[in-house]
Amino acid sequence: MPTILGQNQYGKAENRVVKITRDGATHHIKDLNVSVSLSGDMDEVHHSGSNAHVLPTDTTKNTVYAFAKEYGIESAEQFGIHLARHFVTSQEPIHRARIRIEEYAWERIGAPGSDGTGHSFVRKGQETRLAQVTYDGERWEVVSGLKDLTVMNSTDSEFRGYVKDKYTTLEEAGDRILATSVSGRWRFNWAGDERQAPDWDESYRQTRTHMLRAFAETYSLSLQQTLYRMGARIIDHRDEIDEVRFSLPNSHHFLVDLEPFGLENDNEVYFAADRPYGLIEATVLRDGCEARIPVDLTNL
Ligand SMILES: O=c1[nH]c(=O)c2[nH]c(=O)[nH]c2[nH]1
């Protein structure tokens, strides 16, 4: 049977790179997990086994570490841009590079110069920051995001007025807990001019703040409505972002029946279920813009 080669890509996944920048006794940490994925004129290695076009995955790993020294790590996005540009412009057979980065945040233990050492850190238990940079020699795409940002509203959430059929048992809730672990991605409209690049770190901080403010300040009629407000607030306030997608598990908190113990449960004691969970997912777009973030965020 004749066969043909379909989509293919290769590279070194999950290069763990930690960069310490020493400013006298005050040190700074960048802790990244960098995955390189290259594609292009790679038919021969699959068909005949010729490696003539193959830059070894080992080399792509080495490049990540060398670039941490040569360019430093200003932000995950900037680091990804250096790497993507390098692979596409230095290797003729490579036509497209996709760099995915997870960033783990560290917090100082104490303040440098007062009660801190300047070199002691505790890993932040909150979200993981994400960045993906794709370059094909012409077009850039930068998508940033986060995962595992766990948030809760202990009131100002209800869920009523939904469809009821013969299988519906859910009681309407006028005052419930709304909790989720945010997985979000946002796509920049940056076209590749370094002089017009956003301040990636500041953009991340602001976007995260808008997302959290919208979660906190929305009187929620459903998680779907809260999701839309979170996305719309980002699009409204951040000109550099055209598209936001969220995947929000609805972490259900069920009131426990305390009656068997002769106790009243006045919206105080809940069972936090871990599964199953409602899964609410949607994209919010700037009007006139195209949706390009994949529907399934585990694919990004
Ligand atoms: O915010 C919610 N949206 C739903 O679609 C839904 N479905 C459900 O059972 N509970 C909830 N909550």
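Residues numbered from 1 in each chain as written. Predicted model: local features only at pLDDT ≥ 70, side-chain atom pairs only at ≥ 80, totals over all residues. Heavy atoms only, no water.

- Going by the annotation in an unreviewed UniProt entry, the name recorded for the chain is Uricase, with Streptomyces prasinosporus given as the source organism.
- Per its UniProt entry, the chain bears the Catalytic activity (unreviewed entry) comment "urate + O2 + H2O = 5-hydroxyisourate + H2O2".
- Looking at the chain in UniProt, the text filed under Sequence similarities (unreviewed entry) is "Belongs to the uricase family." (UniProt positions renumbered as here; feature names shortened; annotations may be inferred.)

## Remarks on the site of the ligand
Reasoning step 1: Close to the ligand lie Phe159, Leu170, Arg176, Ser222, Leu223, Gln224 and Asn250.
Reasoning step 2: In the environment of the ligand, an oxygen atom lies 2.8 Å from a nitrogen or oxygen atom belonging to the side chain of Arg176.
Reasoning step 3: Taking Asn250, its side chain carries an N or O atom lying 3.3 Å from a nitrogen atom of the ligand.
Reasoning step 4: About the coverage of the ligand: the protein hides 72% of its 290 Å² of free accessible area.
Reasoning step 5: Residues belonging to the shell around the ligand are distributed by class as follows: three nonpolar, three polar and one charged. (Near = heavy atom within 4 Å. Polar contact = N/O pair within 3.5 Å; in protein donor to acceptor, adjacent residues only side chain to side chain. Areas by Shrake-Rupley, 256 points an atom, 1.4 Å probe, with all protein chains shown as cover. Nonpolar A, V, L, I, M, F, W, Y, C, P; charged D, E, K, R; others polar.)

## Structural notes on the sheet that holds strand E8 (residues 178-188)
Reasoning step 1: A sheet is described by the order of its strands in space; here eight strands give the open sequence E1-E2-E3-E6-E7-E8-E9-E12, paired in antiparallel fashion. Looking at which strands have only one partner, the edges of the open sheet turn out to be strand E1 (15-23) and strand E12 (278-285). Sheet twist, expressed as the mean angle between neighbouring strand axes with direction ignored, is 20 degrees.
Reasoning step 2: Both strand E6 (residues 128-135) and strand E7 (residues 140-153) contribute to a ladder of eight bridges, which runs antiparallel. Bridge pairing in E7 links Thr134 to Glu141.
Reasoning step 3: Along the sheet, helix H3 (residues 76-90) contacts strand E2 (26-40), strand E3 (94-104), E6 and E7; its crossing angle with E3, the most-contacted strand, is approximately 160 degrees.
Reasoning step 4: Contacts between helix H5 (residues 223-237) and the sheet are confined to E8, strand E9 (241-250) and E12, with E9 contributing the most and set at about 155 degrees to the helix. (Pairing = 2+ DSSP bridges. Helix = DSSP H or I, 4+ residues; strand = E, 2+ residues; numbered from the N terminus. Axes fitted to C-alpha atoms, helices over the stretch in contact; angles between N-to-C directions. Contact = heavy atoms within 4.5 Å.)

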